[in-house]
Amino acid sequence: MEGMAGTAPVRPRGSGEPQNTPGPQDPPARTEPAPSYGPADTERWVPEPDKRPGRTAFQRDRARVLHSAALRRLAGKTQVVTPGSRSYDWDASPRTRLTHSLECAQVGRELGAALGCDPDLVEAACLSHDMGHPPFGHNGEETLNEFAADCGGFEGNAQSLRLLTRLEPKRFTADPETGAPVSVGLNLTRASLDAATKYPWPRGGHPADPDSVKFGAYEDDLPVFEWLRRGAPADRKCFEAQVMDWSDDVAYSVHDFEDGLHAGHVDPNLLFAEPERSAIASVAIGRYVPAGTDPQELLEALDRLMEQEWWPHGYDGSAVAQARLKDATSQLIGRFCLAAEGATRKAYGSGRLTRYAAELVVPREARNECAVLKSVADLYVMQRAEQERLRAEQRIVLAELAESLLARAPDGLDPQFRAIFDAAPDDRGRKRAVIDQIASLTDASARSLHARLTLRTRRTAG
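Residues numbered from 1 in each chain as written. Predicted model: local features only at pLDDT ≥ 70, side-chain atom pairs only at ≥ 80, totals over all residues. Heavy atoms only, no water.

Draft legend 1. The overall build of the protein chain, seen in detail. Secondary structure summary: the protein chain contains 18 helices and 2 strands in total. Across the 462 residues of the protein chain, 55% fall into the buried class. Restricting the contact set of the protein chain to residue pairs at least 6 apart, pairs at least 24 apart contribute 75%. Surface exposure of the protein chain reaches about 19400 Å², of which carbon and sulfur atoms provide 52%. (Helix = DSSP H or I, 4+ residues; strand = E, 2+ residues; numbered from the N terminus. Buried < 20%, exposed > 50% of the residue type's maximum accessible area, 1.4 Å probe, protein only. Contact = heavy atoms within 4.5 Å. Areas by Shrake-Rupley, 256 points an atom, 1.4 Å probe, with all protein chains shown as cover.)

Quick look at the structure:
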């Protein structure tokens with residue numbers, strides 16, 4: 001039984017199956033849900049009975065994401081460095097999309113709890129926010145977006161919603177007209193889906209920039225998107241999604257900087273002098289901060305960080321240096337989270353802040369400090385010549401794989417995606433099924449499938 005990518009999700013008449021028993025990682029059950037969340041927040045697309053009394057709806061959501069195959073696959077997807085790559089610079093286990101998601105979840109859970117959010121809700125959103133990202137990181141996302149130009153484009157966050165509500169096998173319901181099984185994905189609550197939605201608009205619906213490539217829902221996922229956004233102010237992220245978004249920024253800016261220092265690509269002493277300082281500001285402007293930002297404002301943010309007693313001024317790989325670097329990482333995360341917590345509390349008081357009752361306030365100084373860390377990692381790690389050569393090769397692999405799979409389809413598709421391809425009503429839907437399969441691949445499995453298909457093509461041609 002497979003979901004149907006070519007048709008919109010069907011709102012069921014009956015209830016779904018009961019939920020799995022909790023895993024060993026689950027936190028202790030609470031006896032009642034957080035008081036700031038009501039029945040509309042905990043509603044599911046398919047109604048489900050509770051399997052174990054006393055377990056909150058958001059604890060169930062967190063467990064479903066944690067045990068999902070899509071989350072596990074993030075272990076094989078690029079964060080900055082390709083998983084499994086070895087060199088004299090990088091160790092054998094660089095951060096992956098999975099470790100980033102776990103770190104983001106830890107940051108988000110604590111920041112959310114400090115502000116009155118349900119911690120399981122925020123953690124579920126943080127764990128799931130990158131689940132739709134394809135092989136090879138943002139490089140793969142751009143390649144798939146080009147391939148999908150004639151069928152609605154590709155966006156990792158929109159793909160995450162598709163996974164959560166359709167592709168990840170967990171709950172099925174019967175089509176009320178045909179009786180055929182229709183997947184509803186993990187069947188998370190409205191609040192959890194909303195919290196995982198970083199860009200709450202469809203393609204072309206950005207409130208300030210219609211040409212933006214960022215969006216949160218494909219056209220044929222609009223029914224469930226509109227359901228999860230019911231009652232929400234147009235284009236506005238819920239409070240929990242804002243906490244998730246800032247936690248994502250904090251986690252990857254700090255940890256990419258840490259990884260760059262650990263690998264020997266970042267020399268902290270260079271950050272005191274030109275031309276490096278101007279280059280750092282130049283990378284940040286328009287990419288990590290608004291285009292009109294004064295470069296001097298960014299350099300002042302960098303100086304504030306370097307003036308801290310815990311700032312790393314060198315790294316030699318010794319145990320003492322590793323511990324000092326870890327302390328700096330912890331200090332940076334605490335600094336950014338406390339800045340947001342303090343500013344938000346100053347604006348909204350000490351009560352529970354949830355859903356659409358508040359906006360997360362992040363001081364401009366903290367955003368600039370976070371941005372310069374991103375810029376340092378960008379300049380010294382991502383812009384290295386060997387990384388660009390690798391990205392160019394990855395784009396070729398993914399583009400060739402996409403064209404080859406589409407030409408052979410449904411042959412070559414996994415059973416789940418072949419069923420989606422066969423059920424699609426038109427060529428757009430069939431192409432989307434091919435994209436769904438490619439997006440589900442890890443870096444290694446994408447390379448392996450590409451090698452098999454191109455070898456088969458050469459043999460046929462010969």
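Draft legend 2. Examining the packing of aromatic side chains more closely. Taken as a whole and judged by the stated rule, the model has 6 aromatic pairs. For the ring pair Tyr37 and Phe58, a centre distance of 5.2 Å and an interplane angle of 80 degrees mean the geometry is edge-to-face. Separated by 21 residues along the polypeptide, Tyr37 in the segment before α1 (39-42) and Phe58 in helix α2 (residues 57-66) bring together distant segments of the chain. Residue class for Tyr37 comes out buried when judged on its relative accessible area of 7%. With centroids separated by 5.5 Å and ring planes inclined at 85 degrees, the aromatic side chains of Trp45 and Trp227 adopt a geometry described as edge-to-face. With Trp45 in the loop between α1 and α2 and Trp227 in helix α9 (residues 222-228), this pair connects stretches of sequence that are 182 residues apart. In this structure, Trp45 and Trp227 share a single accessibility class: buried. The cationic tip of Lys431 hangs over the ring face of Phe147; the distance from NZ or CZ to the ring centre is 4.4 Å. In this arrangement the basic side chain of Arg432 is found over the ring face of Tyr218, its NZ or CZ atom lying 4.0 Å from the centre. (Phe/Tyr/Trp six-rings, centres within 6.5 Å; stacked < 30°, edge-to-face > 60°. Lys NZ or Arg CZ within 6 Å of the ring centre and 35° of its normal.)

Draft legend 3. Quick peek at the packing of helix α6 (residues 137-147) against helix α15 (residues 385-408). As a packed pair, α6 and α15 sit with axes 9 Å apart at the nearest point and diverge in direction by 40 degrees. In this structure, α6 crosses over α15, and the sense of that crossing is right-handed. Across the interface between the two elements, Asn139, Gly140, Thr143, Leu144 and Phe147 of α6 pack against Arg391, Gln394, Arg395, Leu398, Ala399, Ala402, Glu403 and Leu406 of α15. (Axes fitted to C-alpha atoms, helices over the stretch in contact; angles between N-to-C directions. Left-handed = near helix turned anticlockwise from the far one by under 90°.)

Draft legend 4. Looking closely at the environment of Ala281. Note that Ala281 resides in helix α11 (residues 276-284). Setting aside chain neighbours within four positions, we find Ala281 in contact with Pro295, Leu298 and Leu299.

Draft legend 5. Main features of unusual backbone geometry. Here Glu274 and Pro275 are connected by a cis peptide whose omega angle stands at 5 degrees. In the Ramachandran plot, Asn187 falls in the positive-phi region, its phi being about 55 degrees despite a non-glycine side chain.

Draft legend 6. The packing of helix α10 (residues 239-262) against helix α14 (residues 364-382), seen in detail. Packing of α10 against α14 brings their axes to within 9 Å, and their N-to-C directions diverge by 40 degrees. When the axes of α10 and α14 are compared, the pair comes out oblique. Between α10 and α14 the crossing geometry is left-handed. Contacts between α10 and α14 involve Trp246, Asp249, Val250, Tyr252, Ser253, Val254, Asp256, Phe257 and Gly260 on the former and, on the latter, Ala366, Arg367, Cys370, Leu373, Lys374, Val376, Ala377 and Val381. (Parallel < 35°, antiparallel > 145°, perpendicular 65-115°, else oblique.)

Draft legend 7. Seen up close, the environment of Thr442. Here Thr442 is to be found in the loop between α17 (427-440) and α18 (443-461). In this structure Thr442 comes out as buried when scored by relative accessible area, which is 18%. Between the alpha carbons of Thr442 and Arg73 there is a distance of 6.3 Å; along the sequence they are 369 residues apart. For Thr442, the contacting residues outside a window of four places in its chain are Arg73, Gly76, Lys77 and Pro135.

Draft legend 8. Representation of the side chain of Asn139 within the structure. Summarising the element assignment, Asn139 is placed in helix α6. Among the polar contacts listed, one links the side chain of Asn139 to the side chain of Gln394, at a separation of 3.2 Å. Asn139 has contacts with Arg391, Gln394 and Arg395, leaving out every residue within four places of it along the chain. (Polar contact = N/O pair within 3.5 Å; in protein donor to acceptor, adjacent residues only side chain to side chain.)

Draft legend 9. Layout of α2. Of all 10 residues that make up α2, 10 are buried, and the element is covered over most of its length. Among the residues of α2, those classed as buried are Ala57, Phe58, Gln59, Arg60, Asp61, Arg62, Ala63, Arg64, Val65 and Leu66. On its buried face, α2 is in contact with α1, α3 (69-73), α4 (97-115), α5 (119-128) and α8 (190-195).

Draft legend 10. A look at the pattern of salt bridges. Under the counting rule described, the total for this entry stands at 41 salt bridges. We note a salt bridge from Lys374 to Asp249, for which the minimum N-O separation is 3.3 Å. Placement of Lys374 in helix α14 and of Asp249 in helix α10 is noted, with a sequence separation of 125 residues between them. Accessibility expressed as a relative area gives 9% for Lys374, which makes it buried. (Salt bridge = Lys/Arg side-chain N within 4 Å of Asp/Glu carboxyl O.)

Draft legend 11. α15, seen in detail. With 24 residues, α15 should cover 34 Å at 1.5 Å per step; its first-to-last C-alpha distance of 35 Å lies within 8% of that length. When we look at burial in α15, the residues that qualify are Gln387, Arg391, Gln394, Val397, Leu398, Leu401, Ala402, Ser404 and Leu405. (Expected span 1.5 Å × (residues − 1).)

Note that all results are geometric; they support no functional claim without further evidence.
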